[in-house]
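# Commentary on secondary and tertiary structure
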Amino acid sequence: MFLTCAAIDRRHPSARQALDDCCDMHRNVMRLFAPKDNMRAEACVLFRVLEERGQARLYLTSAMQPDLSRAAWLSYGRNAQQRDLSPLLERFCPEAAFGFDLLAYPCKKADVGRANSVRAFLTSPEERRAWLARQGEKNGFILRACREAEPVDMRGKRKTGLIQIRAVRFSGILKVTDAEMFRRGYLHGIGPEKSYGLGMLMLRRV
């Protein structure tokens, strides 16, 4: 597994469009890999756009090393970093604690009278905290501390029409309870809508 971090060049038209359209960002990220059906799931591609000191940066984890030269909208020279994630994955053991940062879509399935159910955003902080705790149970961790920022709306345009996703940024401290489950959750993401830059668990030592 690889972790890639690269600055996004806002001067480039493709960058500005992708930052305003989560579907377009998904397409641009997947162009960093060889074209192939279902590549995001096969290569365990997760990504996150994060604003740091006025600079937008792309964070990306993947089983295959992305080719940053495919993207003129990324600064892939001195402003890009790529590293092997194996040393981090080896530190995933029961009782290990990490600071975390997660942009996610806390939701529940809602019956709206259609053949297929739809996801509904959880409107209260208590519901969202409970949702994240349940995600922890599924992915081998428990929350030791958690806070959330104000929800943000992400918009995009796909073939079926316009979409809007309300996302929440969670941060705090978690403790690993099951190393294998946690490794799987870290590699495959937390919650739905991972194609649009959600679900990537960013970790730091505590």
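Scroll up to find the structure.
This write-up is about the structure you can find in this document. Positions within a chain are numbered from 1, following the residues in the order the chain's sequence is written. At least 70 in pLDDT is required for a residue's local features to be given in this predicted model, at least 80 for side-chain atom pairs to be given and counted, and no such filter applies to totals for whole chains, interfaces and linings, which use all residues. Just so you know, side-chain values use all the structure's heavy atoms and leave hydrogens and water out.

## Side note on the nonpolar core
The test is simple: As used here, the term nonpolar core means buried Ala, Val, Leu, Ile, Met, Phe, Trp, Tyr and Cys residues forming a set that is joined through side-chain atoms within 4.5 Å. Relative accessibility decides the category of a residue: with a 1.4 Å probe and only protein chains considered, values under 20% of the type maximum give buried, values over 50% give exposed, and everything between is partly exposed. Strands here are runs of E lasting at least two residues and helices are runs of H or I lasting at least four, both read from the DSSP assignment and numbered beginning at the N terminus.
Core analysis: the largest hydrophobic core is formed by 44 residues, its most contacted members being Phe98, Phe100, Leu102, Phe170, Leu174, Phe182 and Tyr186. Of the residues forming this core, the biggest block, seven residues, is contributed by strand β10 (residues 161-176). Judged by nonpolar contacts, the second largest core, of 20 residues, contains Met25, Ala43, Trp73 and Ala80.

## As for the environment of Leu174
Note the threshold: Residues are treated as being in contact if the distance between any of their heavy atoms lies within 4.5 Å.
Secondary-structure assignment places Leu174 in strand β10. Each residue touching Leu174, except ones within four places of it in the same chain, is listed here: Ala96, Ala97, Phe98, Phe100, Phe141, Ile142, Arg144, Phe182, Leu201 and Leu203.

## A closer look at the side chain of Ser62
Put simply, the rule is: Any pair of nitrogen or oxygen atoms within 3.5 Å is treated as a polar contact; in protein, a donor-acceptor pairing is required on top of that, and neighbouring residues in sequence qualify only through side-chain atoms on both sides.
Its place among the elements puts Ser62 in strand β3 (residues 55-62). We classify Ser62 as buried; its relative accessible area is 0%. There is a polar contact of 2.6 Å between the side chain of Ser62 and the backbone oxygen of Met64. Ignoring any residue separated from it by four or fewer positions in sequence, one finds Ser62 in contact with Met1, Phe2, Phe33, Ala43, Cys44 and Val45.

## Digging into the packing of helix α1 (residues 13-20) against helix α2 (residues 22-30)
As a reminder of what qualifies: Axis angles are defined between N-to-C directions and span 0 to 180 degrees, where every axis is a line fitted to C-alpha atoms and, for a helix, only to the segment in contact. Any angle from 65 to 115 degrees is called roughly perpendicular, while one under 35 is roughly parallel, one over 145 is roughly antiparallel, and all others are oblique. Each residue gets one label: Ala, Val, Leu, Ile, Met, Phe, Trp, Tyr, Cys and Pro are nonpolar, Asp, Glu, Lys and Arg are charged, and the others, such as Gly, are polar.
Two numbers describe how α1 lies on α2: the axes approach to 5 Å, and their chain directions differ by 130 degrees. As the angle between them shows, α1 and α2 are arranged oblique. Seen from α1, the contacting residues are Ser14, Gln17, Ala18, Leu19 and Asp20; seen from α2, they are Cys22, Asp24, Met25 and Asn28. Looking at the contact of α1 with α2 residue by residue, the class counts come to four nonpolar, three polar and two charged.

## Observations concerning the pattern of salt bridges
Here is the rule: The salt bridge definition used is simple: a Lys or Arg side-chain nitrogen within 4 Å of an Asp or Glu carboxyl oxygen.
A complete count under the given rule lists 12 salt bridges for this structure. Here Asp9 and Arg11 are joined by a salt bridge, their closest N and O atoms 2.9 Å apart. Arg27 is paired through a salt bridge with Asp24; the nearest N and O atoms lie 3.5 Å apart. With Arg27 and Asp24 both in helix α2, this residue pair falls three residues apart, about one helical turn. Classification of Arg27 by relative accessible area gives partly exposed; the value is 34%. Where salt bridges share partners, they join Arg48, Asp101 and Arg169 into one cluster.

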